[in-house]
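Coordinates in review
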Amino acid sequence: MSQAVQVTDATLRDGVESFVLKELRQEDLARLGKLLDRAGFYSIDCWGGSTFYAALTELQEDPWERLKRLRRAIRNTPLQMVVRGQMLVGFKPYHKEVVRKFLAKAAALGIDIFRIYDQLNDLENMRLAVSIAKELRKQVEATVLFSLNPATTQADYLRQAEALLNLGADAICINDSLGVMTPDKVASLVTTYRKSFHQPLRLHLHDNYQKALEAYLVGIRAGVERVDTVLTSLAWPEGPPAVESLMFSLGGTMYDPHIDVDILYEISEYIQALKETRHYREPSPRKVESRAEEGFLPDLLKDFLREELRRQNARDRQHMAFKEAHRVWGDLGFLPLKGRILEIIVEQTVANVLAGKRYEKLTEGMEDLVKGRYGPLYSLANEELRQRALDARQADRGQSWEGRLTKPLGISQEEDVLTYSLFPNEAERFFQSRRQRLAVPPIAKPPTLEAVRPLSQISQNVPRGLSLTLKGEEVGARLEGIGPLRGNKQTMFVNIADMTEEIEVTLVSSTGAMPEYLITMHGETHRLKFRKVFPKEEEYTPIFFEVDDTLEEFLIKHLHID
């Protein structure tokens, strides 16, 4: 009997960061999305997590526009995103109004599966996001983060999974972003989970120590239904294993996921071409270190430490900093190194080393952490930190730290308001940059029309009605009025299927024989290019449009309405 494993591609979010977060632009996503859509993946994990902030700051692109572009390109495969609980895609908890509006907008723009986690495995920080996603009738995969804390047992993970399922989660994801779960631990945890719960189980393991693929195979045989992979061309140790390796191991077995390897090859060819075009340099291979070494530190933590020491002009203290980082991490109970936690450990480590005394001054991030602003800490192993945490929480009692919905002056689009509410400084810089890029020459003689022109003022020679047929489906549209010209955008009011809609039309190019427009409705913008018209002495006129890079044939019938 076939038990085909469901494979999610996480390349567009969890592939090698130096390329995925800094080189992949909107036009690249459209091409990659169409190819991935044909490969046969269970879902495509492509948004949320670090991608939102990176798009805004590194690529200077609107994260919401990237999501829209992906949804238009990927029509058959569910889209998946990562949500940091009540922290969403940011670095602190947000007010429930922000959480609700953010998740509702993401769902409206095409997210089908919300994978929700909290960096401290704090149930309360996940409760609201899980509840809202379920209200939106979306699938929720709630995440249990694996920890190196010796006090955390397998029973603790199972209790966390049970609590998340009771909140309404549809599936559970076991996440190990350090790659430290051994195949034996995976087998034991999955087998025990299967004895108690019937909901689907996913593994998201990173390949830091080249054990993730083996752990996947063991987990699949023990009852795991879903796993995350990336494409070989963008695989790296700090991400999931390559899908091609999984296919080689499972092909022809009862667990064969039936991914189209020809499409995978085509995608890899395209990515290789992109790398050559961008003059991308592959990161140097790392030496795989033993976890048994005293003072073990994951490579990701070492990388952050090196960067912070370089910034503080203290690279000569690297050896001392590595030792201190292990101690700080241990003082916090070896928390999962997710989200803000990684940065807090690095900042406090460097502060301790430079001061020559441990915890002489707590960094702002460490203060917030011990106060419980990121959630309760149950694993503090350092007595001094524990006492300071108690004092800080008492002083902080009753103060709200949640980010609120903030609408800046001159910004009205809901996506922009949400972006600003999450990252006000970064959003302001992005909005300014976007205004400069979109600046157009002033119109020589703008019309003085201030309100909607009534139908009596519209020329009777203009056909006010259209019947459009696409792929056998016919829709009627009727022009109700013409609004003011806002910059280079013409507002029109069109009745579509007995509902009047406000549409903005922007002429992008009219240099050639066939013009090109941007059409905005319900906050979504589509690019429309005329390609070819076949005039016929018949009732309908065939017209070819290119809609968001996809060629479509419409049958148009003009209707003159009195």
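See the structure above.
The paragraphs below set out a description of the structure included in this document. The structure presented is a predicted model; accordingly, all values stated were derived computationally and were not measured. (Residues numbered from 1 in each chain as written. Predicted model: local features only at pLDDT ≥ 70, side-chain atom pairs only at ≥ 80, totals over all residues. Heavy atoms only, no water.)

What about helix H18 (residues 414–422)?
Just so we agree on the cut-off: Relative accessible area decides the class of each residue, using a 1.4 Å probe on protein chains only: under 20% of the type maximum gives buried, over 50% gives exposed, and in between gives partly exposed. The helix and strand labels rest on DSSP assignments: H or I over at least four residues marks a helix, E over at least two residues marks a strand, and numbering proceeds from the N terminus. Whether two residues touch is decided by their heavy atoms; if any such pair falls within 4.5 Å, the residues are in contact.
Across the 9 residues of H18, 8 count as buried, placing the element largely inside the fold. The inward-facing, buried residues of H18 contact helix H4 (50–57), helix H5 (63–73), helix H6 (96–108) and helix H19 (424–438).

What to know about the pattern of salt bridges
Inclusion rule: By definition, a salt bridge exists where a carboxyl oxygen of Asp or Glu is found within 4 Å of a side-chain nitrogen of Lys or Arg.
Scanning the model with the defined rule gives 38 salt bridges in all. One salt bridge connects glutamate 414 with lysine 105, and the closest N-O pair in it is separated by 3.4 Å. Here the residue glutamate 414 occupies a position in helix H18, and lysine 105 occupies one in helix H6, the gap between them amounting to 309 residues. For lysine 105, a relative accessible area of 14% translates into the label buried. As a salt-bridge pair, glutamate 347 and arginine 340 come within 3.4 Å of each other at their nearest N and O atoms. For arginine 340, a relative accessible area of 15% corresponds to the buried category. Three or more residues are tied together by salt bridges with common partners; here these are Arg115, Glu141, Arg202, Arg226 and Asp228.

Things to note about the packing of H4 against H5
Threshold: Angles here are taken between N-to-C directions and fall from 0 to 180 degrees, while the axes themselves are lines fitted to C-alpha atoms, restricted in helices to the stretch in contact. Under the scheme applied here, ten amino acids are nonpolar (Ala, Val, Leu, Ile, Met, Phe, Trp, Tyr, Cys and Pro), four are charged (Asp, Glu, Lys and Arg), and all others, including Gly, are polar.
Axis separation between H4 and H5 bottoms out at 8 Å; the angle between their running directions is 115°. Facing H4, whose interface residues are Phe52, Ala55 and Leu56, H5 presents Pro63, Trp64 and Arg66. Among the residues making up the contact of H4 with H5, the classes are represented as 5 nonpolar, no polar and 1 charged.

Considerations on H4
Turn by turn, an α-helix covers 3.6 residues, leaving residues three or four places apart pointing in a common direction. When we look at burial in H4, the residues that qualify are Thr51, Phe52, Ala54, Ala55 and Leu56. Elements that come into contact with the buried residues of H4 comprise helix H1 (11–14), strand S2 (43–48), H5, H6, H18 and H19.

Focus: empty space enclosed by the protein
Where empty space is left can be seen by rolling a probe of water-molecule size over the atoms. Rule in force here: Only protein atoms enter the calculation, which uses a 1 Å grid: trapped sets of points that fit a 1.4 Å probe without letting it out are cavities, open sets showing protein on both sides within 12 Å along at least five of seven lines are pockets, and any residue with an atom within 4 Å of a point is a lining residue. Grid points are joined across faces, edges and corners, and a volume is the space filled by probe spheres set on the points.
This model, assessed by the stated rule, comprises 6 cavities of 30 Å³ or more. Lining the largest cavity are Leu12, Leu29, Cys46, Trp47, Thr51, Ala55, Pro63, Arg66 and Leu70. Looking at the lining of the largest cavity, the elements that each hand over two or more residues are S2, H4 and H5. With 3 residues, the top contributor of residues to the lining of the largest cavity is H5. Surrounding the second largest cavity, Ala30, Lys34, Arg69, Arg72, Ala73, Arg75, Asp548, Asp549 and Thr550 form its lining. Among the secondary structure elements, those contributing two or more residues to the lining of the second largest cavity are helix H3 (26–37) and H5. Top contributing element to the lining of the second largest cavity by residue count: H5, with 3 residues. Per-class residue counts for the lining of the second largest cavity are 2 nonpolar, 1 polar and 6 charged.

Structural notes on the nonpolar core
As a reminder, the rule being used: For the purposes of this section, nonpolar cores are sets of buried Ala, Val, Leu, Ile, Met, Phe, Trp, Tyr and Cys residues that join through side-chain atoms within 4.5 Å.
With 135 residues, the main nonpolar core has Trp47, Phe102, Phe114, Ile172 and Leu369 as its most contacted residues. If one sorts the elements of this core by residue count, helix H15 (residues 340–355) sits on top with 7 residues. For phenylalanine 114, the contacting residues outside a window of four places in its chain are Met81, Val83, Leu103, Ala106, Ala107, Ala133, Lys138, Gln139, Val140 and Glu141.

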